[in-house]
Amino acid sequence: LKEHGFITLEFPHLLRLIQDCQFDTVYHEHFSYLSLSVVQRIFAQCGLRVFDVEHLNTHGGSLRVYGCLAAASHPQTEAVDACIADENAAGLNTPAPYTGFQARAAKVKDDLLRFLIDIKRDGKTIAAYGAAAKGNTILNFAGVKPDLLPFVCDAAPSKQDHYMPGSHIPILPPQALRENRPDYILILPWNIAPEVRAQLSDLADQGSKFVTAVPELVIT
């Protein structure tokens with residue numbers, strides 16, 4: 001960096017990941033799940049410091065961190081202290097928030113499986129929207145196959161007429177939802193659920209209900 005230059009980085013915020021049990025955000029495309037306090041220590045070892053931070057909605061909650069040389073003139077904003085205070089209040093620098101994470105993830109999986117089995121027994125229909133990596137993560141963790149989830153729709157032509165890796169659930173164009181009008185639509189990329197519900201509002205008007213599984217099963 002130049003004397004008064006700065007660097008900006010973005011990554012999923014560990015605090016949000018833990019708080020909202022976002023285990024499906026953890027996959028090969030995302031290399032870092034960091035807290036701001038850890039970033040401060042990393043920067044300090046490199047002669048840098050964090051002088052500002054922004055909270056983003058990306059991936060269910062990310063940080064945009066601004067760093068500079070330790071002696072640079074950029075003043076530290078109140079947002080940095082506020083973020084560190086939130087992390088400390090949540091105990092991120094202690095084992096406590098992490099020890100129960102696996103059990104919480106297992107409950108999300110169990111609740112989703114129970115829901116899928118119940119609606120199948122009741123003769124109801126379901127399909128999913130969004131062949132996203134986070135969706136693939138939860139489907140494989142839960143062991144969901146086409147017998148419980150017949151197909152997933154996605155707007156990307158490159159994904160259509162292929163299969164979800166591992167589960168082998170077919171990926172179809174969004175029009176398949178309107179042709180089949182399922183009783184339930186499982187939104188796999190829950191971080192864009194409001195956008196998906198808006199896009200598929202005509203199906204809601206016809207009686208379809210939307211489902212998200214993370215951080216807990218919600219039906220709207």
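As a reminder, the structure under discussion sits directly above these lines.
Residues numbered from 1 in each chain as written. Predicted model: local features only at pLDDT ≥ 70, side-chain atom pairs only at ≥ 80, totals over all residues. Heavy atoms only, no water.

K.L.:
Explain the overall build of the chain to me, please; I cannot follow it from the model alone.
P.N.:
Summing up its helical and strand segments, the chain has 9 helices and 10 strands in all. Seen along its three principal axes, the alpha-carbon backbone of the chain occupies a region of about 65 × 35 × 30 Å. Every one of the 220 residues in the chain was classed for burial, and the buried ones make up 45%. Considering only residue pairs separated by 6 or more positions, the chain has 62% of its internal contacts joining residues 24 or more positions apart. With an accessible surface of roughly 11,200 Å², the chain has 55% of that area assigned to carbon and sulfur atoms. Computed over 19 positive and 24 negative side-chain charges, the separation of the two mean positions in the chain equals 5 Å. (Helix = DSSP H or I, 4+ residues; strand = E, 2+ residues; numbered from the N terminus. Buried < 20%, exposed > 50% of the residue type's maximum accessible area, 1.4 Å probe, protein only. Contact = heavy atoms within 4.5 Å. Areas by Shrake-Rupley, 256 points an atom, 1.4 Å probe, with all protein chains shown as cover. Lys, Arg positive; Asp, Glu negative; His and termini not counted. Charge placed at Lys NZ, Arg CZ, Asp CG, Glu CD.)

K.L.:
Looking at this structure, how should I read the pairing of strand 3 (residues 62-69)?
P.N.:
One face of the sheet, then the other: side chains in a regular strand alternate in exactly this way. Among the 8 residues that make up strand 3, 6 are buried, leaving the element largely enclosed by the rest of the structure. As paired strands, strand 1 (residues 7-12) and strand 3 are joined by 6 bridges and run antiparallel to one another. Opposite Pro-12, over in strand 3, you have Ser-62 as the bridge partner. Two elements, strand 2 (residues 48-56) and strand 3, share 8 bridges in a ladder whose sense is antiparallel. Note on strand 3: the bridge partner recorded for Val-50 is Gly-67. Counting the residues between successive antiparallel strands, the hairpin from strand 2 to strand 3 contains 5 residues, one of them, His-59, with a positive phi of roughly 55°. (Pairing = 2+ DSSP bridges.)

K.L.:
Can you help me understand the sheet that holds strand 1 in this one?
P.N.:
Sheet strands associate in pairs through backbone hydrogen bonding, adopting either a parallel or an antiparallel arrangement. With respect to topology, 3 strands assemble into an open sheet ordered 1-3-2, the strand pairing being antiparallel. For this open sheet the edge positions go to strand 1 and strand 2, each flanked by a neighbour on one side alone. Geometrically, the sheet is characterised by an average inter-axis angle of 25° between neighbouring strands, direction not taken into account. The strands touched by helix 2 (residues 36-45) are strand 1, strand 2 and strand 3; relative to strand 2, the strand with the most contacts, the crossing angle is about 155°. (Axes fitted to C-alpha atoms, helices over the stretch in contact; angles between N-to-C directions.)

K.L.:
Please clarify how the packing of aromatic side chains should be interpreted in this entry.
P.N.:
Pairs of aromatic rings are described using the distance from one ring centre to the other and the angle between the two planes. Evaluation of the coordinates by the stated rule reveals 5 aromatic pairs. Between the aromatic rings of Phe-6 and Phe-51, the centroid separation amounts to 6.0 Å while the plane-to-plane angle is 80°, which identifies the pairing as edge-to-face. You can see Phe-6 sitting in the segment before strand 1 and its partner Phe-51 sitting in strand 2, a full 45 residues away along the chain. Phe-6 sits in the partly exposed class, given a relative accessible area of 47%. The exposure class of Phe-51 is buried, given its relative accessible area of 10%. Where Phe-23 meets Phe-141, the ring centres are 5.3 Å apart and the plane angle is 70°; that geometry is what we call edge-to-face. Note that Phe-23 is positioned in the loop between helix 1 (14-19) and helix 2 and Phe-141 in helix 6 (residues 133-142), a separation of 118 residues in sequence. Each member of the aromatic cluster is reached from another via a ring pair, and the members are Phe-6, Phe-51 and Tyr-66. Over the aromatic face of Trp-190 sits the side chain of Lys-134, whose NZ or CZ is 5.2 Å from the ring centroid. (Phe/Tyr/Trp six-rings, centres within 6.5 Å; stacked < 30°, edge-to-face > 60°. Lys NZ or Arg CZ within 6 Å of the ring centre and 35° of its normal.)

K.L.:
I keep staring at the pattern of salt bridges and nothing clicks. Help me out?
P.N.:
In a structure, side chains of opposite charge can pair up when their charged atoms sit close to one another. Applying the stated criterion to the full structure yields 8 salt bridges. Ionic pairing is found between Asp-20 and Arg-16, a salt bridge with its closest N-O pair at 3.4 Å. Several salt bridges share partner residues, and in doing so they unite Glu-10, Glu-54 and Arg-64 into one network. (Salt bridge = Lys/Arg side-chain N within 4 Å of Asp/Glu carboxyl O.)

K.L.:
How should the state of the cysteines be read in this particular structure?
P.N.:
Taken as a whole and judged by the stated rule, the model has 0 disulfides. Free of any disulfide, Cys-46 has its nearest cysteine sulfur in Cys-68, 13 Å distant. Looking at Cys-46, the relative accessible area reads 54%, which means it is exposed. Between Cys-83, a cysteine without a disulfide, and Cys-68, which holds the nearest cysteine sulfur, the sulfur-to-sulfur distance is 17 Å. (Disulfide = S-S within 2.5 Å.)

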